[in-house]
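# Commentary on secondary and tertiary structure
Now for the letters of each chain:
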Amino acid sequence: MAQIPNLDNAPLNLTSLREQSQKELLNILKNIRGKKCLVIDPKLGSSLSSIIQTSLLKEHGVELRHLSAEPLQTDCTKVVYLVRSQLDLMKFICSNVHDDVSKGLQREYFVYFVPRRTVVCEKILEEENVYNLMTIGEYPLYIVPLDEDVLSFELDLAYKESQVDGDTSSLWHIAKAIHKLEFSFGVIPNVRAKGKASVRVADILNRMQAEEPVNSPDMVVPEINTLILLDREVDMVTPMLTQLTYEGLLDECLHVNNGSVELDASIMGLQQEGKKIKVPLNSSDKLFKEIRDLNFEVVVQILRQKATSMKQDYTEVTTTTQSVSELKDFVKKLNSLPEMTRHINLAQHLSTYTSKPAFLGQLDMEHTIVEAQSYDICFEYIEELIHKQEPLVNVLRLLILFSITSSGLPKKQFDYLRRELLHSYGFEHMATLNNLEKAGLLRKQESKSNWLTIKRALQLVVEDTDTANPNDIAYVFSGYAPLSIRLVQHAVRSGWRPIEEILKLLPGPHSETKRGRFSSSPSYDTLQAPANMDKVADGRRSLVLVVFIGGITFAEISALRFLSAQEGMAYDLIVGTTKIVSGHSLAETFVERLG
């Protein structure tokens, strides 16, 4: 099955976007004649696998290698480096070139920065005396479509960089990516932003439009009606919770990377000891498309029903005389057998996690912390985890959750937990704790928490959630509605004015701007109005692009899909994000050891 996601049903023409990226890369390669070795930094490699098939690169006389500190093994005389603008990667390139020079190898070097070159990186190449041996260029890959409704800007560290390191260069990249979309689909007339970074991206976007305007024909209605920008910082509660949708749980347990998981062949029922295989997960797999956004409890039941029904069909075929058309129907069903087997194996593997008492205990504790009514119980639970030396990232997730909902910890307990963490995990983790403090995720209590007010006003805890027939987005966490998606829900249903007071209690400023010719659209205050503006020329529903700066979880994407499918919803929702994250991957970015 193709690794590249099928984009035919996307609400925007994402195929043309992807084809443009393919063409730009192939043009770079075509312009370097003859056989060449393409050296890609590994992180970029997984992004490219969603854009272009390896076979297509090989047709252009390309030998593929991953960039590392090791000397480059190739007979090619032309070496093309395709790398993100990161300092450690420059060091690898320099060491490769020095190694070639010391062996007396004559090669032509090309360095293409993704998505753009930076002065700092070029300076390193100059200092190492390799700059004049190279031809420098750019490959402007700002957007990678991961699925028909999900776009990634592939900025893994955007959250930590802006929160801890004070490096806001990722904000320019995000604005550039959105502006690039506007060149294809028209100027987005309505922009709502919440959070420091989001408001800045909205400003940069306006500046870009002033400096490099998108000229759309007078009467063409823009395809994207509204852009909603949200900082991850506005809601750090949601990603710290364990996701309970099928795709979310796969990410929690197996770490989904660019639409696939890598796992032991034995889990998938293959007799290949110790061998790893990649399992693609995107909407090209019809069964996955049907179950990905459901609560995992329900997925197990659905797979059981499908297996039972197939078993009955098989019994009927083998014991009764069937007409040709009945046999044909049965064979059609058999075609879905590989997908069935794949997901039954995956679900069985996930069940080994979800049935453990520790997993269920963790879920209970998360819900207790979100309820914010039993401070001492939560404190003691986290203290016990530290003393048992549970994996550090698991402890940090609960600690961040606890700190945010309590608006920090009283000084005495803050100092105590900090000391216990360093005793248990080593004093080199001073840097980790400092990072969390800088980002405001672990702090001393200075004022009373307003979490209870926010929780009640936005109805974040929903009692008696029916996960099988959900009527609210809270099903994705079995009873907790993601705060971030509640904000989107309000923006789309009635605008943000009615919840202005609650918005002020959340981190960062908020802004609303109108842009371009179509900004007088009546759909602005309440996106619900089915005015003619809300329909694109060919009768499709108008679009809202929801951009998460700092990452979005699969559970939140599922909640957005659920909203989009509701009756009376006038919009299709499409997601843009710096990266798909989980509590694990977010907490991990802050882990840093001194020395």
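Residues numbered from 1 in each chain as written. Predicted model: local features only at pLDDT ≥ 70, side-chain atom pairs only at ≥ 80, totals over all residues. Heavy atoms only, no water.

The chain appears in an unreviewed UniProt entry as Vacuolar protein-sorting-associated protein 33 homolog from Castanea mollissima. The Sequence similarities (unreviewed entry) field of the UniProt record for the chain holds the comment "Belongs to the STXBP/unc-18/SEC1 family." (UniProt positions renumbered as here; feature names shortened; annotations may be inferred.)

Okay, a nonpolar patch on the surface next. On the surface, a cluster of nonpolar side chains totalling about 290 Å² of accessible area is made up of Leu-87, Val-119 and Val-120. Position of Val-119 among the secondary structure elements: in helix H5 (residues 119–127). (Patch = residues over 30% accessible without salt bridge, like charges linked within 9 Å, V, L, I, M, F, W, Y side chains within 5 Å. Areas by Shrake-Rupley, 256 points an atom, 1.4 Å probe, with all protein chains shown as cover. Salt bridge = Lys/Arg side-chain N within 4 Å of Asp/Glu carboxyl O. Helix = DSSP H or I, 4+ residues; strand = E, 2+ residues; numbered from the N terminus.)

Within a sheet, each strand pairs with its neighbour through backbone hydrogen bonds, oriented either parallel or antiparallel. Strand order across the open sheet formed by five strands is E2-E1-E3-E4-E5, with parallel pairing between neighbours. The two strands at the open ends of the sheet, each matched to only one other strand, are strand E2 (62–66) and strand E5 (134–138). Sheet twist, expressed as the average angle between the axes of neighbouring strands with direction ignored, equals 20°. In this structure, strand E3 (residues 78–84) lies alongside strand E4 (residues 108–114), joined through seven bridges in parallel fashion. The residue bridging Leu-82 from the neighbouring strand is Tyr-112, located in E4. (Pairing = 2+ DSSP bridges. Axes fitted to C-alpha atoms, helices over the stretch in contact; angles between N-to-C directions.)

Before going further, it helps to examine the environment of Phe-92. Looking at where Phe-92 falls in the secondary structure, it is placed in helix H4 (residues 87–102). Its relative accessible area of 28% is what places Phe-92 among the partly exposed residues. Separated by 23 residues in the primary sequence, Phe-92 and Ala-69 place their C-alpha atoms 5.0 Å from one another. The residues contacting Phe-92, other than those within four sequence positions of it, are Leu-67, Ser-68 and Ala-69. (Buried < 20%, exposed > 50% of the residue type's maximum accessible area, 1.4 Å probe, protein only. Contact = heavy atoms within 4.5 Å.)

Okay, helix H23 (residues 554–564) next. Most of H23 is tucked away: eleven of the eleven residues are buried. Taken as a whole, H23 has its buried residues at Phe-554, Ala-555, Glu-556, Ile-557, Ser-558, Ala-559, Leu-560, Arg-561, Phe-562, Leu-563 and Ser-564. Residues of H23 that are buried make contact with strand E7 (150–152), helix H9 (237–240), helix H10 (246–254), helix H21 (483–493), strand E13 (542–549) and strand E14 (571–577).

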